[in-house]
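Coordinate inspection notes
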Amino acid sequence: VQLQASGGGLVQAGDSLTLSCAASGRIFSSYKFGWFRQAPGKEREFVAAIGSSGGNTVYADSVKGRFTVSRDNAKTTVYLQMNSLKPEDTALYYCAADRALSASLRRNSAAYDYWGQGTQVTVSS
C-alpha cells in the first residue's frame, strides 16, 4: 500500500483545512487508518483513527470536537477535516494504514504498517 498525503498549507488561527490521504491497493477497504503529527522538536503524536467501514473513529483529546476523520472507500481516500485551527496544531501530518484484522483502533504509531510522506500544516496566530 502506498499513501500520499496532501492538503497542508499555511492558515491563520481559526481557519479550517482538509487533509487527504490517497491510497493505492485493492484492499483499501479492509484497512484502518490513522493520522499522526509531529511538530519540530517533539515526538510524533496520535491525532485520529478510523475503522475499515468508517463507522468508528477515535480522536486525541487535543483535537476532539475540532477535527473529523472520514474515508471514502470508493475513492480509496481518507480525510482529516480540521476546524478552528490553533497555532499548536502546527506540525507535519502523516497518514498511516493499519492492516490488522481486529476492529480496535490503535493510537500507537508502531501498530501501523504503512506511512505516507507527510504534509505540512502551519497555523499562524
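Above this text you will find the structure in question.
Quick summary incoming for the structure in this document. (Residues numbered from 1 in each chain as written. Predicted model: local features only at pLDDT ≥ 70, side-chain atom pairs only at ≥ 80, totals over all residues. Heavy atoms only, no water.)

What follows deals with the sheet that holds strand 7 (residues 67–72). Strand pairing in a sheet is mediated by backbone hydrogen bonds. Such pairs are either parallel or antiparallel. With antiparallel pairing, 4 strands are arranged side by side in an open sheet as 1-3-8-7. The open sheet has two free edges, formed respectively by strand 1 (3–6) and strand 7, since each of these has just one partner strand. Each neighbouring strand pair of the sheet contributes to a mean axis angle of 15 degrees, computed without reference to strand direction. Of the strand pairs in this sheet, strand 1 and strand 3 (residues 17–23) are connected by 4 bridges, and their pairing is antiparallel. From the neighbouring strand, Ser-6 faces strand 3, where its bridge partner is Ser-20. (Pairing = 2+ DSSP bridges. Helix = DSSP H or I, 4+ residues; strand = E, 2+ residues; numbered from the N terminus. Axes fitted to C-alpha atoms, helices over the stretch in contact; angles between N-to-C directions.)

Another point: the environment of Val-78. Tracing the sequence through the fold places Val-78 in strand 8 (residues 77–82). Residue Val-78 is classed as buried on the basis of its relative accessible area, which comes to 1%. For the pair formed by Val-78 and Ala-97, sequence separation is 19 residues and the distance between their alpha carbons is 10 Å. In contact with Val-78, other than residues within four places in its own chain, are Leu-19, Ser-20, Cys-21, Phe-28, Phe-33, Trp-35, Ile-50, Val-69, Ser-70 and Arg-71. (Buried < 20%, exposed > 50% of the residue type's maximum accessible area, 1.4 Å probe, protein only. Contact = heavy atoms within 4.5 Å.)

Looking now at the packing of aromatic side chains. Enumeration according to the criterion identifies 7 aromatic pairs in this entry. Ring geometry for Phe-28 against Phe-33: centres 4.8 Å apart, planes inclined by 35 degrees, an arrangement best described as tilted. Of the residues examined, Phe-33 reaches a relative accessible area of 1% and is grouped as buried. For the ring pair Tyr-31 and Tyr-114, a centre distance of 6.1 Å and an interplane angle of 15 degrees mean the geometry is stacked. Here Tyr-31 is found in the loop between strand 3 and strand 4 (32–38), whereas its partner Tyr-114 is found in strand 10 (residues 114–115), with 83 residues between them in sequence. Owing to a relative accessible area of 6%, Tyr-31 belongs among the buried residues under this scheme. According to the relative accessible area criterion, Tyr-114 is partly exposed, its value standing at 22%. Ring pairs connect the aromatic residues Phe-36, Phe-46, Tyr-94, Tyr-112 and Trp-115, which therefore count as one cluster. Over the ring of Trp-115 we find Arg-44, and its NZ or CZ is 4.6 Å from the ring centre. (Phe/Tyr/Trp six-rings, centres within 6.5 Å; stacked < 30°, edge-to-face > 60°. Lys NZ or Arg CZ within 6 Å of the ring centre and 35° of its normal.)

Interpretation note: all reported values are geometric properties and have no functional meaning in isolation.
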